[in-house]
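Next come the chains, spelled out residue by residue.
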Amino acid sequence: MSSSSSSELEMEIFQYIDGHQSDFIKDLKEWVAVQSDSVQPDLRKEVIRMMVLVADRLAALGATVNSVNLGSHQLPNGQDLPLPPVILGELGRDPQNPTVCFYGHVDVQPAKKEDGWKTDPYTLTEINGNLYGRGATDNKGPVLAWINAVETFRALKLVVNFKFVIEGMEEAGSLGLEKLLEEENQCFFSDVDYIVISDNVWLSNKKPALTYGSRGNACFFVEVECGGKDLHSGTFGGIIHEPLTDLIALLDSLVDPTGHIQIPGIYDSVAALTEEERKLYESIEFDLEEHKKNSGVKKFLYGTKEEILLHLWHYPSLSIHGIEGAFHEPGIKTVIPSKVIGKFSIRQVPHMDLSVVKQQVVEHLEGVFSRRNSPNKLKVSMPLGAKPWLADVNDPLYKAARRAIKKVFGEDPDFIRDGSTVPVARMFQTITRKSVIMFPIGAADDGEHSQNEKISRHNYIEGTKVFASFFLEISKLHRHLHETSNMEIKN
Ligand SMILES: Cn1cncc1C[C@H](NC(=O)CCN)C(=O)O
Ligand SMILES: [Zn+2]
Ligand SMILES: [Zn+2]
C-alpha cells in the first residue's frame, strides 16, 4: 500500500468517524445505561444482560461470536452466583493481515447518585464536552471506540484480522479468565500476533500516552480475634487486650510518615535505578499541580516530578484500605469488637517476588505482635497476588501506536507506566507469549472508580480515530516485517 493511498483511506475513515459522532455517543449511552456492576451480587443479572449486548454488537459487525460459559462462583456467605460469559469474537482471517486481539471489560464499579454524583451515574450526560457516566472511561468507552473503529473499516476493507476478548468480571478480579486463556492458548490465541488492552488512562489531562508497564499487587488480610463475641467496653474495657488496639498497632507498623515501608527486606530486590530510566522520566510531561488538583489533596509526599514518577512506577508502595469488623457507622457505639480484619496491599515492582514478600510481611507482623504480649489470635493471609508487568517498547505494536497517535493528536505520546495493576496484561503475556500493549485513550482526570467518572467527547472520538489509524499502521509494519524476514530466508 503506497503512503498516499493510505492517507486517502485515512482521511476517508476520519471523516466517517466525525460524521458518526452522535451514533457513537448513542451507543455509549445505551451501554452506560446497563448497571453492569460485577461487585454487587444483586446486579449480576445486569452484567449478564450486558454481555448479551456485547455479543449482539460484535455479531452485527459480522464477527463470529462465542459466549463462553464459565459456570458459577461462591460468595463468602456460601451463595452460588452465575459468572457472566466471556465473549470471544473473531472477524477476518486473511493470512496477509496481522491478527490483533483486543481485550476489554464491560462490567463497572458500583455507583450511586447519593455517593456524590452531579448526574445520574447510569445516564450518560454531556456537560461542557465531557460524557459523564459509570463506565464511560472504565471501560465501556474504550471498548466501543475500538468496536466503532472496526466498524469504520468494515464499510471499507479490512487491513487487520480482529479478535476480541470481552469480559464482565474485571472489577471483581477477572474470575475464570486465566483458566480460559490457558484453555484457549492453542486454539483461539494460536494465530494472534498482537494483543491490545485499553483499560487505563494517560498520565496527563491532555498529553497522549502509551503504557509499557504496570505494578503488581500483593493484598493482605491481618486478623486479630479475642473471643467469640463482642464485649461491652464498660464491663471489659481496661482489663483485656483489645483486638482493634492490637490491629491498629500492627497497621501502624507498616509504613512511616514519609511513605517508607517499614517491613524489613521489602526493598531488597527492587530493580536498581539506571541512568537510562531516570532520563526517561525527565522527558515525560507531567504537571505536578494538575495531578494534585485531580486528586484533591493539598500536598504530595514528594516535591519533584521525577520523585513522584519513581514512587508510582519504580518503587513499591503500601496502602491501608480498611478494617472489617470495626464499628464504622455514624454515631456512638461503646463496643469492643471481638474480631477485626485489617486490609492492606503492597504494589509490586520488578524484581520483587510475591512469596518472599508474603514471608517478609508475615514475619514482620508476627514480630510486632509478639512484642505486645497479647493473648489474642493473629492470622495473616495474602488472598491475592499479582506480579508486575513490563513490555518491550521496541515491539512493532508500540511503533504503530505511536505513529497513530502522532497522526491523530499531532504529537508524540509519552511512554509511561501505570502505578495500578492490570492483571490481564501480565496474564496475556505469560500465557500467550504474544506482545501486549496498554493503549489508553482516556485522560488523567477521567475519575475511574470515582464519582463523576467521564470520558471527554474529544478523547472518545479522537480515540476511535487513533484505533482506526493504528490498524493501518500495524498492518503496514507487519507486512513490512514479514517481507523483510521472507527476504532473509531466501538469501
Ligand atoms: C482488585 N485489585 C487488587 N489489587 C489490584 C487490583 C486491580 C486494580 N486495578 C485497577 O484499578 C485497574 C486500573 N486501570 C488495582 O490496581 O487496584
Ligand atoms: Zn478497567
Ligand atoms: Zn476499573
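Rules used throughout
- Residues numbered from 1 in each chain as written.
- Chains lettered and ligands numbered in written order.
- Predicted model: local features only at pLDDT ≥ 70, side-chain atom pairs only at ≥ 80, totals over all residues.
- Heavy atoms only, no water.
- Helix = DSSP H or I, 4+ residues; strand = E, 2+ residues; numbered from the N terminus.
- Rg over C-alpha atoms; globule rule 2.2 N^0.38 Å.
- Buried < 20%, exposed > 50% of the residue type's maximum accessible area, 1.4 Å probe, protein only.
- Contact = heavy atoms within 4.5 Å.
- Areas by Shrake-Rupley, 256 points an atom, 1.4 Å probe, with all protein chains shown as cover.
- Donors = N, O, S within 2.8 Å, 3.2 Å for Na, K, Ca; no water.
- Tetrahedral: all angles 85-135°; square planar, octahedral: opposite > 155°, others 65-115°.
- UniProt positions renumbered as here; feature names shortened; annotations may be inferred.
- Pairing = 2+ DSSP bridges.
- Axes fitted to C-alpha atoms, helices over the stretch in contact; angles between N-to-C directions.
- Left-handed = near helix turned anticlockwise from the far one by under 90°.
- Nonpolar A, V, L, I, M, F, W, Y, C, P; charged D, E, K, R; others polar.
- 1 Å grid on protein atoms, 1.4 Å probe; cavity = no way out; pocket = protein on both sides within 12 Å on 5 of 7 lines; lining within 4 Å.
- Points joined across faces, edges and corners; volume = space filled by probe spheres on them.
- Domains from an automatic or database assignment.

Now for the overall build of the protein chain. Along its length, the protein chain carries 14 helices and 20 strands. On C-alpha atoms alone, the protein chain measures out to a radius of gyration of 24 Å, which is about the 23 Å that the 2.2 N^0.38 rule sets for 491 residues. Oriented by its inertia axes, the alpha-carbon framework of the protein chain measures out at about 85 × 50 × 45 Å. Taking all 491 residues of the protein chain together, the buried fraction comes to 53%. Of all intrachain contacts in the protein chain linking residues separated by at least 6 positions in sequence, the fraction that spans at least 24 positions is 81%. Surface accessibility of the protein chain: about 22,500 Å² in total, with carbon and sulfur atoms responsible for 50%.

Within the protein, the zinc ion (ligand 3) binds to Asp 138 (OD), Glu 171 (OE), Glu 171 (OE) and His 449 (NE2); these donor distances fall in the range 2.0 to 2.7 Å. Around the zinc ion (ligand 3), the 4 donor atoms sit at angles spanning 53 to 142°, and that spread fits a shape best called irregular. Here the donor residues for the zinc ion (ligand 3) map to a single chain with the spacing D-x32-E-x277-H. A distance of 3.2 Å spans the gap from the zinc ion (ligand 3) to the zinc ion (ligand 2), which Asp 138 bridges by coordinating each metal. Here Asp 138 is found in the loop between β7 (130-132) and α4 (140-154), whereas its partner His 449 is found in the loop between β19 (435-438) and β20 (454-456), with 311 residues between them in sequence.

Let's shift gears to the UniProt feature "active site" (unreviewed entry) in the protein chain. Taken from the UniProt record, the annotation "active site" (unreviewed entry) applies to Asp 107 and Glu 170. Taken together, the annotated residues stretch across 64 residues yet fold into one region, lying no more than 6.7 Å apart by C-alpha. Inspection of the secondary structure puts Asp 107 in the loop between β5 (99-105) and β6 (125-127). When its relative accessible area of 0% is taken as the criterion, Asp 107 is described as buried. With respect to the helices and strands, Glu 170 occurs in the loop between β8 (161-167) and α5 (177-184). Beyond its immediate sequence surroundings of up to four residues, Glu 170 is in contact with Tyr 103, His 105, Asp 107 and Asp 199.

This brings us to the pairing of strand β10 (residues 209-214). Judged by how many residues are buried, β10 sits mostly within the fold: 6 of 6 residues are covered. Pairing of β10 with strand β18 (residues 414-418) involves 5 bridges; the strand directions are parallel. Residue pairing for β18: Thr 211 is matched across the bridge by Ile 416. With 2 bridges connecting them, β10 and strand β17 (residues 389-390) associate as antiparallel partners. The partner of Ser 214 across the bridge, within β17, is Trp 389.

Taken together, the buried positions of helix α10 (residues 305-314) are Lys 305, Ile 308, Leu 309, Leu 310, Trp 313 and His 314. Of the surrounding elements, those touching the buried residues of α10 are α8 (275-282), α9 (288-295) and β18.

As a further point, take the packing of α8 against α10. In contact at an axis separation of 9 Å, α8 and α10 are set at 115° when each is read in the N-to-C sense. The element α8 and its partner α10 pack so that their crossing is right-handed. Between α8, through Glu 277, Arg 278, Tyr 281 and Glu 282, and α10, the contact on the second element is made entirely by Lys 305, Glu 306, Leu 309, Leu 310, Trp 313 and His 314. Taken together, the residues that form the contact of α8 with α10 break down as 4 nonpolar, 1 polar and 5 charged.

Attention shifts here to the sheet that holds β20. Reading across from one edge, β6-β7-β20 is the order of the 3 strands in this open sheet, with antiparallel pairing throughout. In the strand order of this sheet, the two ends are held by β6 and β20, each with one partner. Averaged over all pairs of adjacent strands, the angle between their axes in this sheet comes to 30°, without regard to strand direction. Pairing of β7 with β20, which is carried by 3 bridges, proceeds in the antiparallel orientation. For Asn 130, the partnering residue across the bridge sits in β20 and is Ser 456.

One pass over the structure, following the stated rule, counts 2 cavities of 30 Å³ or more. Considered as a void within the structure, the largest cavity measures approximately 40 Å³ in volume. Counting only elements with at least two residues in the lining of the largest cavity, the list comes to β10, β17 and β18. Its residues placed into classes, the lining of the largest cavity shows 6 nonpolar, 3 polar and 3 charged. A domain split of the lining of the largest cavity shows at least three residues from each of domain 1 (3-214 + 388-490) and domain 2 (216-270 + 315-386).

Quick look at unusual backbone geometry now. With an omega of 10°, the peptide bond running from Asp 138 to Asn 139 counts as cis. Within the secondary structure layout, Asn 139 lies in the loop between β7 and α4. Note that the residue after Pro 350, namely His 351, is joined by a cis bond; omega there is 0°. Relative to the assigned elements, His 351 resides in the loop between β15 (339-348) and α11 (354-370). The backbone phi angle of Asn 128 is positive, close to 50°, even though this residue is not glycine. Positionally, Asn 128 belongs in the loop between β6 and β7. One non-glycine residue, Asn 452, lies in positive phi territory at about 55°. Relative to the elements of secondary structure, Asn 452 occurs in the loop between β19 and β20.

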